[in-house]
Structures are given as C-alpha cells and as structure tokens.
Amino acid sequence: MTLYKGKRRTTTALVLSMGLFFAALLYLPGMLPFDSQVTDSFFRWWVVHLWVEGVWELIMGGILSFLLIKLTGVDREVIEKWLYVIVGLTFLSGVLGTGHHYYYIGVNKIWLIVGGIFSALEPLAFLAMALFAVNMYRKGEKKHPNKLALYWTLGAAIVSFVGAGLLGFAHTLPQTNLYTHGTLVTAMHGHLAFWGAYAMIVLAIISYAMPNMTGRKLYDTGRGRMAFWFSNVGMVGMTVAFGVAGVAQVYMERIMKIEFMKVQEMMEIHFYILIICATLFTTGILMYIADFIKHGQPTDEALIKE
Amino acid sequence: MKYKSQKVAYWFFALSMLLFVLQLVYGFIMGFAHAGFDGLHEIIPFNTAKAVHLNLLVVWLLSGFMGAAYYIIPEEAQHELVSVKLAYAQLIALALTGVAAIIGFHLNI
C-alpha cells in the first residue's frame, strides 16, 4: 500500500515486496491435506523449497541491495542491475531445483535428472550475491560509519555462498544423495545455509536500522565485533562437527550396514564438539542481543529532517 | 530514520531476537540428547524439539524480514506507511501463530 502511494517505486522495494507476497502465498500448499505421505511430501516442498531457494532469496536480495546502496554509496543503477541478475538466476535454477527434494521419496524418477541439473545451478545465484557484495564494497567510495552493519552484510553474502551454495552442492547430486539422504549431512548444510543466508541478513538489517531508529550510534563496538566473530566461528565449528558426524554416519550406516541406533551411539562424541561450538555461537548471539538492548527503544528524536 | 512509521520495525526485530534465543535453547536440548544426555525425553522428545527448533527459526526470520520491510519500504518509497495499525496487527498475528504452533508441537497434536 505504501508502495502505491509512494513517490517512487524502486526495484529494491519491488523485489522485497514480491518476495514477501509470494512467501505468504507459498505457505498455502503446506496446508493441503493428503492421505498419502508421498503426495503430502510432494507439496510440502513447495513451501519449504520454494521459500528458501526461491522467494526468500528475493527478500534477501532486496535487503542486501538496500544495505549496499546505503553502506557503500555505489549508484543505485549499478546495484539494481545486479539485483536483476540475481533474481533471474534464482528463478532459473531454484524452481526446478525443487527436484532435489524428490529423490528416493516415491515420486517419478524424472526428478532425479531435473533436480540434479537445476539444483547444480543453484549455487550460481549465491555466487552472484557474494561477488556482487564484495565488488560493491570494493567500488564504494563512501565510508559509512556503521561498520558492524557492513560486517554482517558482507558476512551474509559470503557465508551464504559457502553454506547454501557449496555445502548444498555437496549433497545435491542424485548419486551422492543416494547415500546422504536424511543424514546429518543435511544438518551440516542446513545450519550454515540458514545462518549465512537468512540469519545474517536479518542481523545485518537490524544492525543498520537500530542506530538510525534509536539515535544511539553503536556503530563499531568491541562487543559488536566479538558478537560477529564468536557467532561465525561457532557456527563454522558446528557445521564441521555435523559434517564429520554426517560422513561417519553415512559410512557406518549405509556402507558398513551397522544398525541405526548403534551408529547414533557411536556418533555421540561428535556432539560434544557440537555443544562446545554451539556455546561459542550462543555467546556471540547473546552479545549481539546485549547491543540490541543497549540501543533502547526508537524515538522520534532520531528523525532526520530533510 | 526519515519516517516516523519506520519505528514499527523495532518491535518485529525485538520479537525476532526473543524467538532466536528460544531457538537456541531447543538446539541445545537436541545437542545434549544426541550426546547421550536425553534427560528431558519424557517432556520434550527429540521430534518435538526438532519441530520447535525449525519452527522458531522460520518465525524469527519472517519476523526479521517483516521488520526489514517496514524499515526499508518507507525509505525507498519516500512515504510514511499507510497504516501502522495494520503492521501491529500483523505482528500480533505472527506472534500468536508462532506460539500456537509451538504449544501444538508440545501437545503432540
């Protein structure tokens, strides 16, 4: 509504709104009731996959563009041209990439080929985002004082490529997925992907918006930096722990054919490591929240008169 | 901040942070369960913890996205939000949905 009445409609705003609108729309297939587990799963992925590998990427692209315009001072034209490329790549690969959730769950075998090919292309959208963010940062002449927001923005672009793009690719081909389907390998990919792509972009926009809304300019606090590094190192550690556990699980369970619960017991040691890394991660997040609380509530005094 | 109505974003962000902390709690429950300390098994079995962990993730991210939109859109469109009340209604609806889902998972419906 605001968009209609607004003075201008920018690509950034439109992509963001479209993302949110379709996210709401795509929530619906998940509520269709089916008697068959297979059909139910088939439509369930319309929600889950088309959210995280479709429209949420639009939301992320929109937020990323906004932040880069504000933080680097590069021209809107340049940034939004990239945004078009990202949106194009996302839909090209993401929609049919849904096929990679249809491996070995009882649907038509054609999805092995479709999912394999298109989901192999999916990292491209994230690669584009990472290149885009780093290039804009290099090009940028304006140095915005909000360093923390810049950390989170670039962090999101890069970690999402590693977590969602590379680690996703690691188990997206049908030949690999035959072994890794439903193991901790998925948890490995899921944790770094969600953290990099979506958690960090939300933390980035919060870091950017909070000083502007409250007028307290905690742009570059020691705690804020520690929050960034603690949580990232913690999450990478967790991902490695999941990955090692996942590979061990695949080997013991699927190749050596050891019984499921026995394998679970043998993997317990990996979860000690996981808990240690998760503690580091949580420390980082609590520091971030401490900064969030320190900003206080927004006031009208923070309004900038034009 | 250029527009008064951008302040709505704060409450979405605050909800987001709150749910994020809860998500971490459930993550730890599962981490410990996997490591062999599944003391809460009777109250919060693994499948419940997993569903809540994922659901909280999705809801806090959505809350963050909505907050981001309420912050970004006025600035991009150069216009106050048309209805701040609608935004608050959405916030409450989102929070209620999230809470209802979590209670549902615990009751094993």
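Predicted, not measured: the structure shown is a model, and the values here were computed from it.

What counts, and at which threshold
Residues numbered from 1 in each chain as written. Chains lettered and ligands numbered in written order. Predicted model: local features only at pLDDT ≥ 70, side-chain atom pairs only at ≥ 80, totals over all residues. Heavy atoms only, no water. Helix = DSSP H or I, 4+ residues; strand = E, 2+ residues; numbered from the N terminus. Rg over C-alpha atoms; globule rule 2.2 N^0.38 Å. Buried < 20%, exposed > 50% of the residue type's maximum accessible area, 1.4 Å probe, protein only. Contact = heavy atoms within 4.5 Å. Areas by Shrake-Rupley, 256 points an atom, 1.4 Å probe, with all protein chains shown as cover. Lys, Arg positive; Asp, Glu negative; His and termini not counted. Charge placed at Lys NZ, Arg CZ, Asp CG, Glu CD. Core = buried A, V, L, I, M, F, W, Y, C linked by side-chain atoms within 4.5 Å. Axes fitted to C-alpha atoms, helices over the stretch in contact; angles between N-to-C directions. Parallel < 35°, antiparallel > 145°, perpendicular 65-115°, else oblique. Left-handed = near helix turned anticlockwise from the far one by under 90°. Nonpolar A, V, L, I, M, F, W, Y, C, P; charged D, E, K, R; others polar. 1 Å grid on protein atoms, 1.4 Å probe; cavity = no way out; pocket = protein on both sides within 12 Å on 5 of 7 lines; lining within 4 Å. Points joined across faces, edges and corners; volume = space filled by probe spheres on them. Phe/Tyr/Trp six-rings, centres within 6.5 Å; stacked < 30°, edge-to-face > 60°. Buried area = accessible area lost by both parts, 1.4 Å probe. Polar contact = N/O pair within 3.5 Å; in protein donor to acceptor, adjacent residues only side chain to side chain. pLDDT = per-residue confidence, 0-100. Salt bridge = Lys/Arg side-chain N within 4 Å of Asp/Glu carboxyl O.

**A short note on the overall build of chain B**
Across its full length, chain B carries three helices and zero strands. From first element to last, N terminus to C terminus, chain B shows the α and β order α-α-α. For 109 residues, the compact-globule formula gives about 13 Å, and the C-alpha radius of gyration of chain B, at 17 Å, lies well above that figure. Burial statistics for chain B: of 109 residues in total, 53% are counted as buried. Excluding contacts between residues fewer than 6 apart, the proportion of contacts in chain B whose partners are at least 24 apart in sequence is 81%. As presented, chain B carries roughly 4,800 Å² of accessible surface, and 72% of it is formed by carbon and sulfur atoms. Here chain B contributes 5 positive and 5 negative side-chain charges, whose respective centroids are spaced 13 Å apart.

**As for the nonpolar core**
By size, the foremost hydrophobic cluster in this structure holds 118 residues, and its most contacted members are Trp56(A), Ile63(A), Trp195(A), Ile201(A), Ile205(A), Met213(A) and Phe65(B). The element that contributes the greatest number of residues to this core is helix H9 (residues 184–214) of chain A, accounting for 20 residues. Here Trp195(A) is in contact with Trp152(A), Val159(A), Met200(A), Leu203(A), Ser231(A), Asn232(A), Met235(A), Phe281(A), Ile285(A) and Phe20(B), once residues within four sequence places are set aside. Among the nonpolar cores identified, the runner-up in size contains five residues, and Phe43(A), Trp45(A), Tyr102(A) and Val107(A) belong to it.

**Describing the packing of helix H1 (residues 8–34) of chain B against helix H3 (residues 84–107) of chain B**
Residue and element names in this part refer to chain B. Orientation of H1 relative to H3, taken along the N-to-C sense of each, is 10°, at an axis distance of 10 Å. Relative to H3, the element H1 is oriented roughly parallel. Seen from above, H1 lies across H3 with left-handed handedness. Within the contact between the two elements, H1 uses Val8, Trp11, Phe12, Leu15 and Tyr26 and H3 uses Val84, Ala87, Tyr88, Gln90, Leu91, Leu94, Ala95 and His106. Among the residues making up the contact of H1 with H3, the classes are represented as eleven nonpolar, two polar and no charged.

**Brief notes about empty space enclosed by the protein**
Residues and elements named next belong to chain A. Taken as a whole and assessed by the stated rule, the structure comprises two cavities of 30 Å³ or more. Considered as a void within the structure, the largest cavity measures approximately 110 Å³ in volume. Along the walls of the largest cavity sit Asn146, Leu148, Trp152, Ile206, Ser207, Met210, Leu218, Gly224, Tyr288, Asp291, Phe292 and His295, which together make up its complete lining. Among the elements of the structure, helix H7 (147–169), H9 and helix H12 (268–294) are those that each provide at least two residues to the lining of the largest cavity. When grouped by side-chain class, the residues that make up the lining of the largest cavity number seven nonpolar, four polar and one charged. The space that makes up the second largest cavity amounts to roughly 70 Å³. Residue lining of the second largest cavity: Leu71, Thr72, Tyr137, Gly140, Lys142, Lys143, His144, Asn146, Lys147 and Leu150, and that is the complete set. Residue composition of the lining of the second largest cavity, by class: three nonpolar, four polar and three charged.

**Comments concerning the packing of aromatic side chains**
All names here are of chain A. Tallied over the entire structure, the rule returns 27 aromatic pairs over all chains. Geometrically, the ring pair formed by tyrosine 151 and tryptophan 229 is edge-to-face, given 6.4 Å between the ring centres and 75° between the ring planes. Here tyrosine 151, found in helix H7, pairs with tryptophan 229, found in helix H10 (residues 222–255); they are 78 residues apart in sequence, far enough to count as distant. Its relative accessible area of 22% is what places tyrosine 151 among the partly exposed residues. Residue class for tryptophan 229 comes out partly exposed when judged on its relative accessible area of 47%. Measuring from ring centre to ring centre gives 5.0 Å for tryptophan 195 and phenylalanine 281, while their planes differ by 80°; the resulting arrangement is edge-to-face. Highlighted residues: tryptophan 195 in helix H9 and phenylalanine 281 in helix H12, separated in sequence by 86 residues.

**Re the interface of chain A and chain B**
Each partner contributes residues to the interface: chain A has 59 residues there, and chain B has 44 residues. Both sides of the chain A and chain B interface together cover about 4,800 Å² of buried area, and 76% of this is carbon and sulfur. Here chain A is connected to chain B by four residue pairs in polar contact (both at pLDDT 80 or more). Going through the elements one at a time, helix H1 (2–5), helix H2 (11–25), helix H3 (37–72), H9 and H12 of chain A are the ones with two or more residues in the side of chain A that touches chain B.

**Quick look at the confidence of the model for chain B**
This prediction gives chain B a mean pLDDT of 90; 99% of its residues lie at or above 70. Here H3(B) stands out as the least confident element of chain B, with mean pLDDT 90; H1(B) is the most confident, with 95.

**Structural notes on the pattern of salt bridges**
Opposite charge on two side chains allows them to pair when their charged atoms are near. Summed over all chains, the structure comprises seven salt bridges over all chains. The partner of Glu76(B) in a salt bridge is Arg76(A), and the shortest N-O contact between them spans 2.8 Å. Placement of the pair is Glu76(B) in helix H2 (residues 46–77) and Arg76(A) in helix H4 (residues 76–97), with the two residues belonging to separate chains. Across the pair, exposure class does not vary: Glu76(B) and Arg76(A) are buried alike. Several salt bridges converge on common partners, so that one network encompasses Arg76(A), Glu80(A) and Glu76(B).

**Some details on the environment of His49(A)**
All names here are of chain A. Within the secondary structure layout, histidine 49 lies in helix H3. What makes histidine 49 buried here is its relative accessible area of 0%. Put simply, histidine 49 and asparagine 212 are 163 residues apart on the chain and 34 Å apart in space, counted from C-alpha to C-alpha. In contact with histidine 49, other than residues within four places in its own chain, are Gly54, Gly94, Gly97, Thr98, His100, His101 and Glu122.

**Thoughts on the confidence of the model for chain A**
For chain A, the mean per-residue pLDDT works out to 86, and 92% of the residues sit at or above 70. By mean pLDDT, H1(A) is the weakest element of chain A at 52, and H12(A) is the strongest at 95.

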